[in-house]
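Residue-level structure breakdown
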Amino acid sequence: MLFDFVSAALVTLLVTLDPPALAPMFISLTRGMNAEERRRVAIRASLIAFCILAFFGLGGEVLLRLLGVGIPAFRISGGLLLFWIAFEMVFERRNERKQHTADIAITEDHIRNVAAFPLAIPLMAGPGAITAVILLAGRANGDVIYLSSLIALIALGVLSCFAVFMAAERVSRILGVTGNIVLSRLLGVILAGLAVQFIINGVEALFRGAPAL
C-alpha cells in the first residue's frame, strides 16, 4: 500500500539524514562566516544533497551496476574523506590555517566547497542515505506514484536539514568564537569516530556482499 511505503520511506530517510546531528557539524564547518554566508552554504548544500538523492532514487541502481561500483565502496571512500576532515577540525595546524578565526578569509570558492563537501556529501547525501534511497526506489517497482512520493519525501527530509541549519546560526552566535573553537575540536573527534564506523560498515558489507544502511 502507498501509505505503508510513504511511512516507511519517511522514517528511513529521517533516520539516515539525521537532521539534528547535522546542526553542530554545520556550526563547525561554517565557523567564521556571517549569517548571509551561512545561509548560502545551507541553501547550496541542501540543493546538492536533494539532486544527488533524487538522482540515485530514479536511476542510481542502474548507474552503479553499469559502473561496477557498490555501496560498500561509497562507505569506505566516504569514511576516508570524512576522517581527513575530522583530522583538520581537531588539529587545524597547516600553515594556511594557523590564523585566528576572525582573520580567515571567506571566499566564494570556500563557501561552494564547504557546501558541496563535506556538508552535502557525505554528511547529508552519504552512503547510508544513498543506499536507503536506492532500496526504497526498488520497492517502488517503477510505479510513478510511488517514485513521485519518494522524491517528495526526499525533498521533505532535505528541507528539515535546511531548517536545522538555519537554527544553528543562533546557536553559533550564543557560543561565540571560543565556544565554536572548542565545539569544533570536540566534534572533530566525534566525526572521526563516525568516519571509522563508515569504513567498518563498508568493509563488513563488502565481505557480506550486500549493501548496508
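Scroll up to find the structure.
Here's what I pulled together on the structure shown here. Being a predicted model, the structure only gives us computed values, none of them experimental.

Now for a nonpolar patch on the surface. A cluster of nonpolar residues, Phe83, Trp84, Phe87, Phe91, Val196 and Ile200, forms a patch on the protein surface that exposes about 560 Å² of accessible area. Elements that contribute at least two residues to the nonpolar patch include exactly helix H4 (71-91) and helix H7 (144-208). For the nonpolar patch, the element with the most residues is H4, which contributes four residues.

Counting through the fold element by element, Arg208 comes out in helix H7. For the pair Arg208 and Pro72, spaced 136 residues apart in sequence, the C-alpha separation works out to 9.9 Å.

On to the nonpolar core. Counting 48 residues, the largest nonpolar core has Val41, Leu53, Leu119, Met124 and Phe165 as its most contacted members. Elements represented by at least two residues in this core include exactly helix H1 (2-17), helix H2 (19-29), helix H3 (35-67), helix H5 (108-124), helix H6 (127-140) and H7. The biggest single contributor to this core is H7, with 13 residues.

At Val114, H5 shows its maximal kink, close to 25°; a proline, Pro118, follows between one and four residues later. Within H5, burial applies to Ile111, Val114, Ala115, Pro118, Leu119, Ala120, Pro122, Leu123 and Met124.

Quick look at the environment of Val11 now. Among the secondary structure elements, Val11 is positioned in helix H1. Taking the relative accessible area as the measure of exposure, Val11 reaches 52% and is therefore exposed. Sequence separation of Val11 and Leu153 is 142 residues, and the distance between their C-alpha atoms is 9.8 Å.

On to unusual backbone geometry, then. The omega torsion across Phe117 and Pro118 is 10°, close enough to zero to call that bond cis. Examined against the element boundaries, Pro118 turns out to sit in helix H5. For the bond running from Ile121 to Pro122, omega is 5°, close enough to zero to count as cis. You can see Pro122 is positioned in helix H5. In this structure, Asp18 is a non-glycine residue whose phi angle is positive, near 50°. Within the secondary structure layout, Asp18 lies in the loop between H1 and H2. Judged by relative accessible area, which is 34%, Asp18 ranks as partly exposed.

Enumeration over the complete set of coordinates arrives at one salt bridge. Between Glu36 and Arg39 there is a salt bridge; the shortest N-O distance is 2.8 Å. Pair noted here: Glu36 and Arg39 are both in helix H3, with a separation of three residues, about one helical turn. The exposure class assigned to Glu36 is partly exposed, which follows from its relative accessible area of 41%. Accessibility expressed as a relative area gives 32% for Arg39, which makes it partly exposed.

Mapped onto the elements of the fold, Ser149 is located in helix H7. One polar contact links the side chain of Ser149 to the main-chain carbonyl oxygen of Ile145, over a distance of 2.8 Å. Discounting chain neighbours no more than four positions away, the residues touching Ser149 are Leu2 and Val6.

Okay, the packing of aromatic side chains next. Applying the stated criterion across every chain yields a total of three aromatic pairs. With a centroid separation of 5.0 Å and 55° between ring planes, the pair formed by Phe5 and Tyr146 is classed as tilted. With Phe5 in helix H1 and Tyr146 in helix H7, this residue pair connects regions lying 141 residues apart in the sequence. For the residue pair Phe5 and Tyr146, the accessibility class agrees, reading buried in each case. The interplanar angle of 15° and the centroid separation of 4.6 Å between the aromatic rings of Phe26 and Phe165 together place this pair among those described as stacked. With a gap of 139 residues between them, Phe26 in helix H2 and Phe165 in helix H7 connect regions that are remote in the sequence.

What counts as what
- Residues numbered from 1 in each chain as written.
- Predicted model: local features only at pLDDT ≥ 70, side-chain atom pairs only at ≥ 80, totals over all residues.
- Heavy atoms only, no water.
- Patch = residues over 30% accessible without salt bridge, like charges linked within 9 Å, V, L, I, M, F, W, Y side chains within 5 Å.
- Areas by Shrake-Rupley, 256 points an atom, 1.4 Å probe, with all protein chains shown as cover.
- Salt bridge = Lys/Arg side-chain N within 4 Å of Asp/Glu carboxyl O.
- Helix = DSSP H or I, 4+ residues; strand = E, 2+ residues; numbered from the N terminus.
- Core = buried A, V, L, I, M, F, W, Y, C linked by side-chain atoms within 4.5 Å.
- Buried < 20%, exposed > 50% of the residue type's maximum accessible area, 1.4 Å probe, protein only.
- Bend = angle between axes of the 7 residues up to and from the residue.
- Polar contact = N/O pair within 3.5 Å; in protein donor to acceptor, adjacent residues only side chain to side chain.
- Contact = heavy atoms within 4.5 Å.
- Phe/Tyr/Trp six-rings, centres within 6.5 Å; stacked < 30°, edge-to-face > 60°.

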